[in-house]
Amino acid sequence: MKLINNKDAFRWLNEGYNKAQNELNLVNQSYKVKSEWSVTTSDTTQEYSLPDDFSNLISVTNADGEPVSFINLAKVPKNDDDESYSSNNVKYFLRGKKIGFSPVPTSTDIYYVYYQAKVTSLSSYYDSIDLPDNNFYPLVDFMLYRAAPKLHRPNSKQYFDAFMEGITNMKISSHKQNSALDSWSIGQRANV
């Protein structure tokens, strides 16, 4: 405790946890997807604030469950001028911490947004770490990697390599979470 205080330990733990979650999100986008978040449009309001824990957008659907298309922000003004609003022709766009709909809504409709949540910061010994198959052991290696300079250990790279190996194993085990069997046959659309 003289060399490493709780503030350092939690900072390193949160850094390792964030790195682990970001690596996991590269191979399994559905792992940290929150349940649907609904947006209710109102007359003449085009943009709505996203939740505070919003990280990456997965999909947007209308009340009937049909996907809503994305529109590039540069095309929004022209689309607003050329189209009249209906829930069948609406498109969504992202601007900073807001989601918008084009053309500008003229009625009250509900849209559902599925997104990946940000990793929560750990601040207590009682906080839960959410990694597949209780794979929190690599975080210890990451903390040892960060603590090595303060502890005068010359082998910090060894701990980082162990952390990355643990993350690689986690990505392999979490890549597929459904019960469908892998298919090794030729796809129906393949030209053979």
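Computed from a prediction, not measured in an experiment: that's the story for all the values here.

### Observations regarding the overall build of the protein
Alright, step 1. Within the protein one finds four helices and seven strands.
Alright, step 2. Secondary structure elements of the protein, listed N to C terminal, follow the sequence α-β-β-β-β-α-β-β-β-α-α.
Alright, step 3. Counting all 192 residues of the protein, 32% fall into the buried class.
Alright, step 4. Looking at the protein as shown, the accessible area adds up to about 12,500 Å², and 50% of this sits on carbon and sulfur atoms.

### Comments concerning the pattern of salt bridges
Alright, step 1. Under the definition given, this model contains seven salt bridges.
Alright, step 2. In this structure, glutamate 15 and arginine 146 form a salt bridge, with 2.5 Å as the shortest nitrogen-oxygen distance. Of this pair, glutamate 15 sits in helix H1 (residues 6-27) while arginine 146 sits in helix H3 (residues 137-151), and the two are 131 residues apart along the sequence.
Alright, step 3. One salt bridge connects glutamate 23 with lysine 171, and the closest N-O pair in it is separated by 2.8 Å.

### A closer look at the packing of H3 against helix H4 (residues 156-174)
Alright, step 1. Closest axis-to-axis distance for the H3/H4 pair is 8 Å, and the angle between their directions is 155 degrees. Judged on the interaxial angle alone, H4 and H3 are roughly antiparallel. Between H3 and H4 the crossing geometry is left-handed. Along the contact surface, H3 presents Pro138, Leu139, Asp141, Phe142, Leu144, Tyr145 and Ala148, while H4 presents Ser156, Tyr159, Phe160, Ala162, Phe163, Gly166 and Ile167.
Alright, step 2. Along the lines of polarity and charge, the residues of the contact of H3 with H4 split into 11 nonpolar, two polar and one charged.

### Some points on H4
Alright, step 1. Between its terminal C-alpha atoms H4 stretches 27 Å, which fits the 27 Å expected from 19 residues at 1.5 Å a residue.
Alright, step 2. Those residues of H4 that fall on the buried side of the exposure criterion are Tyr159, Phe163, Gly166, Ile167, Met170, Lys171 and Ser174. Angularly, the buried residues of H4 cover 140 degrees about the axis, an arc narrow enough to put them on a single face. With respect to the buried face of H4, the exposed residues turned more than 90 degrees away are Lys157, Glu165 and Ile172.
Alright, step 3. Contacts from the buried residues of H4 go to H1 and H3.

### Things to note about the packing of H1 against H4
Alright, step 1. Two elements in contact, H1 and H4, have axes whose closest approach is 9 Å; the angle formed by their N-to-C orientations is 35 degrees. Handedness of the crossing formed by H1 with H4: right-handed. Residues Gly16, Lys19, Ala20, Glu23, Leu24 and Val27 of H1 touch H4, and the partners they reach there are Phe163, Ile167, Met170, Lys171 and Ser174.
Alright, step 2. In terms of residue class, the contact of H1 with H4 is built from six nonpolar, two polar and three charged.

Procedures and definitions
- Residues numbered from 1 in each chain as written.
- Predicted model: local features only at pLDDT ≥ 70, side-chain atom pairs only at ≥ 80, totals over all residues.
- Heavy atoms only, no water.
- Helix = DSSP H or I, 4+ residues; strand = E, 2+ residues; numbered from the N terminus.
- Buried < 20%, exposed > 50% of the residue type's maximum accessible area, 1.4 Å probe, protein only.
- Areas by Shrake-Rupley, 256 points an atom, 1.4 Å probe, with all protein chains shown as cover.
- Salt bridge = Lys/Arg side-chain N within 4 Å of Asp/Glu carboxyl O.
- Axes fitted to C-alpha atoms, helices over the stretch in contact; angles between N-to-C directions.
- Parallel < 35°, antiparallel > 145°, perpendicular 65-115°, else oblique.
- Left-handed = near helix turned anticlockwise from the far one by under 90°.
- Contact = heavy atoms within 4.5 Å.
- Nonpolar A, V, L, I, M, F, W, Y, C, P; charged D, E, K, R; others polar.
- Expected span 1.5 Å × (residues − 1).
- Arc of directions from axis to C-beta.

Read these as layout, nothing more, since geometry by itself doesn't imply function.
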